[in-house]
Amino acid sequence: NAAKLLRSMLVNDQSMSAGLICTGYDHVLKRGVIYSLSPSGSLFELPVWAAGGSGSTYILGHIDSHMPHGEDDIKHWEEKDAVEFVMNAIQLAIDRDGSSGGFVGVYVINRWGKKIYCS
């Protein structure tokens, strides 16, 4: 799957150092999946959302304060609301953590094509 391909690329290319989140629809499992990939190559499937890296504590705090009921809070979000929430959460981490980079890119890929949202 795509997450395993990303892990292989990350582990085999010593010039790359990144924590990645890979999401999509798994046609074998017949459901959406979320994977978190660490810079060392560890790959974890997560049930509702993923946050990784040095700024992840800020993102998790943002999630906890805006979604006290977890998955039930996001079941019926529109795409634009979900993208806005994610971009805001990442921007909070960037603003507060010196190692979190300076660019937010969110890619939405579905059966109708792809959209790219950037800050």
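Since this is a predicted model, take the numbers as computed values, not measurements. (Residues numbered from 1 in each chain as written. Predicted model: local features only at pLDDT ≥ 70, side-chain atom pairs only at ≥ 80, totals over all residues. Heavy atoms only, no water.)

Asks: So what exactly am I meant to see when it comes to the overall build of the protein chain here?
Replies: Helix and strand content of the protein chain: 3 helices and 5 strands. Counting helices and strands in the order they occur from the N terminus, the protein chain gives α-β-β-β-α-α-β-β. Summarising its shape, the C-alpha atoms of the protein chain cover approximately 40 × 40 × 25 Å along the three principal directions. A buried classification covers 24% of the 119 residues belonging to the protein chain. Taking contacts inside the protein chain between residues at least 6 apart in sequence as the whole, the part at least 24 apart equals 32%. A total of about 8300 Å² of accessible surface is found on the protein chain, and carbon and sulfur atoms cover 55% of it. (Helix = DSSP H or I, 4+ residues; strand = E, 2+ residues; numbered from the N terminus. Buried < 20%, exposed > 50% of the residue type's maximum accessible area, 1.4 Å probe, protein only. Contact = heavy atoms within 4.5 Å. Areas by Shrake-Rupley, 256 points an atom, 1.4 Å probe, with all protein chains shown as cover.)

Asks: Teacher, can you tell me more about the pattern of salt bridges here?
Replies: Side chains that differ in charge, positive against negative, can pair when their charged atoms come close. The tally for this structure, following the rule as stated, stands at 3 salt bridges. Of the charged contacts, one joins Asp81 and Lys80 as a salt bridge, the two residues approaching to 3.3 Å between their closest N and O atoms. Since its relative accessible area comes to 57%, Lys80 is described here as exposed. (Salt bridge = Lys/Arg side-chain N within 4 Å of Asp/Glu carboxyl O.)

Asks: Sorry, what's going on with the packing of aromatic side chains here?
Replies: Think of a pair of aromatic rings as described by two things: how far the centres are apart, and how the planes are tilted against each other in angle. Overall, the coordinates contain 1 aromatic pair when judged by the stated rule. Aromatic side chains Trp77 and Phe85 sit 5.2 Å apart centroid to centroid with 65 degrees between the ring planes, which places their arrangement in the edge-to-face category. A relative accessible area of 32% means that Trp77 is categorised as partly exposed. By relative accessible area, which is 14% here, Phe85 ends up buried. (Phe/Tyr/Trp six-rings, centres within 6.5 Å; stacked < 30°, edge-to-face > 60°.)

Asks: What exactly am I supposed to notice about the state of the cysteines here?
Replies: One covalent bond between the sulfur atoms of two cysteine residues makes up a disulfide. Per the stated rule, a full pass over the model turns up 0 disulfides. With no disulfide of its own, Cys118 lies closest to Cys22 among cysteine sulfurs, the gap being 18 Å. (Disulfide = S-S within 2.5 Å.)

Asks: Help me out: how do you make sense of the packing of helix α2 (residues 56-66) against helix α3 (residues 79-96) in this one?
Replies: Between two packed helices, both the angle of their axes relative to each other and the distance between the axes serve to describe the pair. Where α2 contacts α3, the two axes come as close as 8 Å, and the packing angle between them is 135 degrees. Taken together, α2 and α3 sit at an angle that is classed as oblique. Relative to α3, the crossing made by α2 is right-handed. Side by side, α2 and α3 meet where Tyr58, Ile59, His62, Ile63 and His66 of the first sit next to Phe85, Ala89, Ile90, Leu92, Ala93 and Arg96 of the second. Looking at side-chain class alone, the contact of α2 with α3 contains 8 nonpolar, 2 polar and 1 charged residues. (Axes fitted to C-alpha atoms, helices over the stretch in contact; angles between N-to-C directions. Parallel < 35°, antiparallel > 145°, perpendicular 65-115°, else oblique. Left-handed = near helix turned anticlockwise from the far one by under 90°. Nonpolar A, V, L, I, M, F, W, Y, C, P; charged D, E, K, R; others polar.)

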